[in-house]
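# Understanding the architecture of this molecule
Next come the chains, spelled out residue by residue.
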Amino acid sequence: MSKLIIEPILIHLDDNKTKMSFIWRKKLYQVEDILSWWREPAEWWDGESVKYFLRVNARNSSVGTYELSKDDKNWFLYRVLD
Amino acid sequence: MGFAHLHVHSEYSFLDGASSLDRLLERASELNMPSIAVTDHNCLTGAIRFYDKARAMGIKPIIGAEVTIEGGYHVTLLCKNTKGYSNLCQLITHAHLCNRNRESFASKEALRQYSEGLICLSGCGQGELPALFKQGNIEKTRGVVRFYKEIFGDDFFVELVRYPSRDGVIGSHRLADFAKEEGLPIVATNNVHYTDMEDYRIKELLNAIDRNIPVSSLSGNRTVEQYLKSEEEMKRLFRDFPEAVVMTEEIASRCNLELELGKPRFPRFDLPDRENDYSYLTKLALAGVSRKYGSITCRIRQRLEHELDTIRKLGFCGYFLVVWDIVRWAKERGIRCQARGSAVDSLVVYALDISNVDPVAYNLLFERFMHPLRKEPPDIDLDVDRRRRGEVRDYIYAKYGTENVACVGTINTYMARGAIRDVGKALQMPQPIIEEACSGIHWLSASKLMEKADTLPELKHSTIYRSAELAEFFKLCVAIDGLPKHLSVHLGGLLIGSGRLSELVPLEWSSGGDIISQYDKDDIERLGIVKLDLLSLPTLTVVGDTIANIKKSWQLDIDMESIPRVDPKAFAMLRDGKAIGTFQLESPAQREMAGRLLPDRFEDIIVSISLVRPGPLKSSMDKIYLPRRHGKEPVTYVHPRLRYALEETLGVILYQEQVLKVAHDLAGMSYAEADGFRRAMTHDRTPEEMEKMRHGFISSCLKKGVNQKTADRVFEQLAAFAAYGFCKAHAVAYAELAYQTLWLKCHYPAEFFAAVLSNQPMGYYPARVLVADARRCGVKVLPVDINKSEADYTVENGAIRVSLRQLKGMSEEALESILKARDTGDFTSLTDFVLRTNISRNIVENLINVGALETFGSREDLFAQLDNLLSLKRKMGKFTKPLFGLVEHRPDITGKGDVKVKMLLERELLSLALSAHPLDFISLDSSFTSMKDLPSVATGRTIKIAGSVIRYQTPPTRNGNRVVYVIMEDGTGIADVTVFSDVQERCGQVLFREGWLEVTGKIQRRGPRALSVIAEELAPLNRNEKPGL
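Residues numbered from 1 in each chain as written. Chains lettered and ligands numbered in written order. Predicted model: local features only at pLDDT ≥ 70, side-chain atom pairs only at ≥ 80, totals over all residues.

## Quick look at the overall build of chain B
Secondary structure summary: chain B contains 41 helices and 21 strands in total. Here the C-alpha radius of gyration of chain B, 33 Å, is about what a compact globule of 1029 residues would show, namely 31 Å. Dimensions of chain B, computed from the C-alpha atoms along their principal axes, are close to 90 × 90 × 65 Å. Taken across its 1029 residues, chain B has 48% of its residues classed as buried. By sequence separation, contacts in chain B at least 24 residues apart represent 71% of the contacts at least 6 residues apart. (Helix = DSSP H or I, 4+ residues; strand = E, 2+ residues; numbered from the N terminus. Rg over C-alpha atoms; globule rule 2.2 N^0.38 Å. Buried ≥ 20, exposed ≤ 12 C-beta atoms within 10 Å, placed from the backbone. Contact = placed C-beta atoms within 7 Å.)

## Here we look at the sheet that holds strand S14 (residues 781-782) of chain B
Ordered in space as S14-S16-S15 (chain B), the 3 strands form an open sheet in which the pairing is mixed. Strand pairing shows two members of the sheet lacking a second neighbour, S14 and strand S15 (794-796) of chain B, which therefore form its edges. (Pairing = 2+ DSSP bridges.)

## Some details on the sheet that holds strand S7 (residues 75-81) of chain A
Strands pair in a sheet through their backbones, by hydrogen bonds, and they do so in one of two ways: parallel or antiparallel. Residue and element names in this part refer to chain A. The 7 strands lie next to each other as S1-S7-S6-S5-S4-S3-S2, forming an open sheet whose pairing is antiparallel. Since the sheet does not close on itself, it has two edges, and those belong to strand S1 (2-8) and strand S2 (10-13), each with one partner. The mean inter-strand angle of the sheet, taken between neighbouring strand axes irrespective of direction, is 35°. (Axes fitted to C-alpha atoms, helices over the stretch in contact; angles between N-to-C directions.)

## Let's talk about the domain arrangement of chain B
Domain assignment breaks chain B into domain 1 (11-254), domain 2 (277-410 + 489-539), domain 3 (415-482), domain 4 (540-735), domain 5 (808-910) and domain 6 (923-1025). Computed from C-alpha coordinates alone, the two centres of domain 1 of chain B and domain 5 of chain B are separated by 60 Å. (Domains from an automatic or database assignment.)

## A closer look at helix H22 (residues 538-554) of chain B
Along an α-helix, residues three or four apart share an orientation, since each turn contains 3.6 residues. Residues and elements named next belong to chain B. With 17 residues, H22 ought to run about 24 Å at 1.5 Å a step, and its terminal C-alpha atoms sit 24 Å apart, in line with that. Among all positions in H22, only Pro538, Thr539, Leu540, Thr541, Val542, Val543, Asp545, Thr546, Ile547, Asn549 and Ile550 are buried. On its buried face, H22 is in contact with strand S8 (381-385), strand S13 (530-537), helix H33 (728-747), helix H34 (749-758) and S15. (Expected span 1.5 Å × (residues − 1).)

## What about the environment of Cys43 of chain B?
Residue and element names in this part refer to chain B. Turning to its location among the elements, Cys43 is positioned in the loop between strand S1 (35-41) and helix H2 (47-56). Looking at Cys43, the number of C-beta atoms within 10 Å reads 27, which means it is buried. Separated by 22 residues in sequence, Cys43 and Ala65 place their C-alpha atoms 6.3 Å apart. Beyond its immediate stretch of four places on either side in the chain, Cys43 contacts Tyr12, Ser13, Ala65, Ile92 and Gln518.

## Overview of the nonpolar core
Residues and elements named next belong to chain B. In terms of nonpolar packing, the biggest core is built from 298 residues, with Phe320 and Ile480 touching the most fellow members. Broken down by element, this core gets its largest block of residues, 13 residues, from H33. Beyond its immediate chain neighbours, meaning those up to four positions away, Phe320 contacts Leu281, Ile311, Val348 and Leu352. Among the nonpolar cores identified, the runner-up in size contains 22 residues, and Ile945, Met968, Val979 and Leu1018 belong to it. (Core = buried A, V, L, I, M, F, W, Y, C linked by C-beta atoms within 7 Å.)

## Re the pairing of strand S17 (residues 942-953) of chain B
Residue and element names in this part refer to chain B. Looking at chain direction, S17 and strand S20 (residues 996-1007) are connected through 7 bridges and run antiparallel. Paired with Gly947 across the strands is Leu997, a residue of S20. Bridge count for S17 against strand S18 (residues 964-969) is 5 bridges, and the pairing is antiparallel. By the bridge assignment, Arg951 is partnered in S18 with Ile967.

## Details of helix H16 (residues 416-426) of chain B
Within H16 of chain B the residues assigned to the buried category are Ala416, Ala419, Ile420, Asp422, Val423, Gly424 and Ala426 of chain B. Gln428 of chain B sits one or two residues past H16 of chain B and shows a positive phi near 55°.

## Things to note about the interface of chain B and chain A
Contacts between the two partners involve 13 residues from chain B, matched on the other side by 9 residues from chain A. Partitioned by chemical class, the residues of the side of chain B that touches chain A number 5 nonpolar, 4 polar and 4 charged. (Nonpolar A, V, L, I, M, F, W, Y, C, P; charged D, E, K, R; others polar.)

## Remarks on the packing of helix H1 (residues 21-30) of chain B against H2 of chain B
Residues and elements named next belong to chain B. Running from N to C, H1 and H2 cross one another at 30°; their axes reach a closest spacing of 11 Å. By the angle between their axes, H1 is roughly parallel relative to H2. You can see that H1 and H2 cross each other, and the crossing is right-handed. Residues Leu21, Asp22 and Leu25 of H1 form the contact with H2, whose participating residues are Arg49, Phe50, Lys53 and Ala54. When the residues that make up the contact of H1 with H2 are grouped by side-chain class, the tally is 4 nonpolar, no polar and 3 charged. (Parallel < 35°, antiparallel > 145°, perpendicular 65-115°, else oblique. Left-handed = near helix turned anticlockwise from the far one by under 90°.)

## Observations concerning unusual backbone geometry
Keep in mind that most residues, glycine aside, have a negative phi and that most peptide bonds are trans. In this chain, Gln760 of chain B is followed by Pro761 of chain B through a cis amide linkage whose omega measures 0°. Looking at the element boundaries, Pro761 of chain B is found in the loop between H34 and helix H35 (767-776). Positioned with a positive phi, Lys17 of chain A is a non-glycine residue whose angle comes to about 60°. On the basis of neighbour count, Lys17 of chain A is assigned to the exposed category, with 7 C-beta atoms found within 10 Å. The backbone of Gln584 of chain B sits at a positive phi, close to 65°, despite the residue not being glycine.

## Regarding the packing of helix H11 (residues 277-293) of chain B against helix H12 (residues 298-314) of chain B
Residues and elements named next belong to chain B. Here H11 crosses H12 at 155°, and the two axes come no closer than 11 Å. As far as their axial angle goes, H12 and H11 are roughly antiparallel. Handedness of the crossing formed by H11 with H12: right-handed. On H12, the residues that touch Tyr278, Leu281, Thr282, Ala285, Val289 and Tyr293 of H11 are Ile300, Leu304, Leu308, Ile311 and Arg312. Looking at side-chain class alone, the contact of H11 with H12 contains 9 nonpolar, 1 polar and 1 charged residues.

Put into structure tokens, the structure is as follows:
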């Protein structure tokens, strides 16, 4: 089961770019594991650019699986997976 | 451990590959890839150039293709060796030729038959094995594995293609596991369709164009992953199956195709008993020379022996015999056929009757055509009577076998207009925007269009190219600019193989039903296959038709070989600029040159044809030559030893053959070396290469006693000449034909114009201009008459009768119906005509409209009868066959039978104005000068003219500024208008967009009779007054 969210998030990488976290709805999520990544074509004829996706395990109070997406400018929490 | 891309689509996957070979190889080089394959869809079009380019870059080329097999499945096939290459050519040929007018595919039997020397990868998602496996049909999949294993053995591999997605790469895991279970090796590919990821848009755009759907309607698995990934990316992608990456190198190492390029491959010629090709060629050449010259002088014998010896040493005797046989066959059947180009330099070619030009008389040099230092096959191009070219072609097929002959393919690529239209359609752009973007564009590439949009006067006023909203659209147009769109038939090229062509060249159907090579003429040349250019030349048809017309009118047999070489009347006509309709001499530039050169001998025509070309004009050679020709400047030679080479052109280098003579006489080079020198000078060269050539030439001259200063000067002249050289042999061959048409026009104008008009479209001018010119030559032009007009134009008591074929919408079937009915007697009334023929109402109406039936009554009366007649005919059951002439063309012109209506109907339905000229109905005030009066206007005077635009020309100029030449006519004559850049700036909007113009300008004369109007102002002719235009 999963829930489509598509809400903007803030991404933070540590100085070594080895640790990643994101803030969603004012809460910090620490990325523990990147499970997979992929790219999806866009409706480029309407000016959209390629979307990048990360599926991650991230910890807030507990560990959950999330899909993060990025277009040419912004990051989004795309989906929450149970 | 490295990685090789083994499944790559280039631009030659036609609307499925978004990257050029150059870009793919450039990227492969950046990524340090030692080898790469190109595997286009059922096609090897890019193979030869890929092979050459990759090797030049130090990358190992692997030639292959993604072939569709029965069931619509794909397999990726790679050539291990020449046997594999030959088999792939044959398999692709089979896939195409067995499936005319439908999707190409190879049968499995053919795959088995042509499998040797090929490596087979199981294909992308559309492969049979992966597709069946995905469906879960394991037993069937195992059966497929057995089939491929049986055919390809250890050269069969399971192809793993991975595009990361939300669902991961699970499918490829399962397929890899299955392969392991079956003991099959796996190999990683990326099914590359573009070099850089961003270009997925271009691939999708091309796919939408190919399917004729909006790009937003593209369905299926869209991806951005089919780009040329680096070794690291591929290793990362397949980190769980490293062996699949290693296997790419193993496969690449098994592919060691060495193509034998550049080695001539001649067709076999059947020889008489006890003859070899050399002895037979010698026999024919000697017989020809005896026939042509009567007695053979020592000079001729020596030249013949020299040529035959060279031909023998180079192994080209068979080729000459093949061409001789074709020309002989054609001429025996009265088909006009002759060589053009440098082949005319050869005495053997003349002796074999392939050319009509005596190379000895014109001092032509054989070495310009061929010599021992030039290894590529000689090129004998033949011009053939257009109407009968098909017969010659059929003979070649019959003689050498359909499997050994094919037409040369040519690659059609995107230019600006096509790109704008196709991209616009795929993006669902509003039609008016597409039209606006296309208007005013002539022969421009999309990238040049964007470059020039701000500067070209006809484009700069349009805001469309600068619109921010359309910037992306135009970027996409530029992106597909130059990409191949489809293959078509080369105008004249025929391939004759030394065996089955498909063993060396992949073949397919053209849309017109010809079998064509997937390679273009350059690749064919690289392969060394004999290419014969059999070019349709309508002028040869015109000459034949004119002679036939003369025979009919005057009962005279004209032999063009024996017409007087210096005919004062014909040359006077040429000098007066009255060469419209003639071959090569009718263009405005040629007519202007005639007014400056004032030709009075045949050699002047050769000079004129050679001078009126972009190069010589750009280099101002005319300004050096013409004063010498008129005795206004002395004829000088930089060195006395140049007299022999340059005397015929008064000390000026005009012909390529003269370069050879100069290098021979001054620097002591052999003619063969001199031709190598000429060719090196002609091609693009670096300053270092140029310096090397200069040094070689000058030191040779010094050794021959020429001083440094003179040698320097001559070299400079030769270097400048390299840019514009013209082959004298070609000029002589064309001058012969040009003179013939000039002579025929001069002495038999009615017969000549009837022939020219019957062979439209051809030449420079449309039929209406030719008809007007015929009238100026005193030839009466008679209207279409249902009882008198024939299929083609005819001569009637010194007048010409407009043909039935000139009528818009007239089909060949309708024509046949009319002429067949008339065989039994003339039509006596409209009723008789309608009942005895079987043609559509539309054609009957058009015939009435142009007055073809006016002997039976007025237009109004005939129309009044028509309905009843057609219904009567229907009742009588006369319409037993479908109606002919389905092309509907009804003019939207109403009014009673006055002259203006008649003229409008003639223009609309015949594209002629017989009864009157449109300008007759416009009240032009006395400030306008009619074109017939221009010769009497003083130089420098400002005049105003009005007329319709016939044609534009924009030849290159010395300073690079564009000059537009506009040819106009007003019914009384023709005017050549020159529009310089300042006027283009002001009047750019009018220049290319208006069919009728008012021009204010000054009369200029560049020679005694070379008159043109230098435009100062252009304006559209008052639209309200334009009658129906």
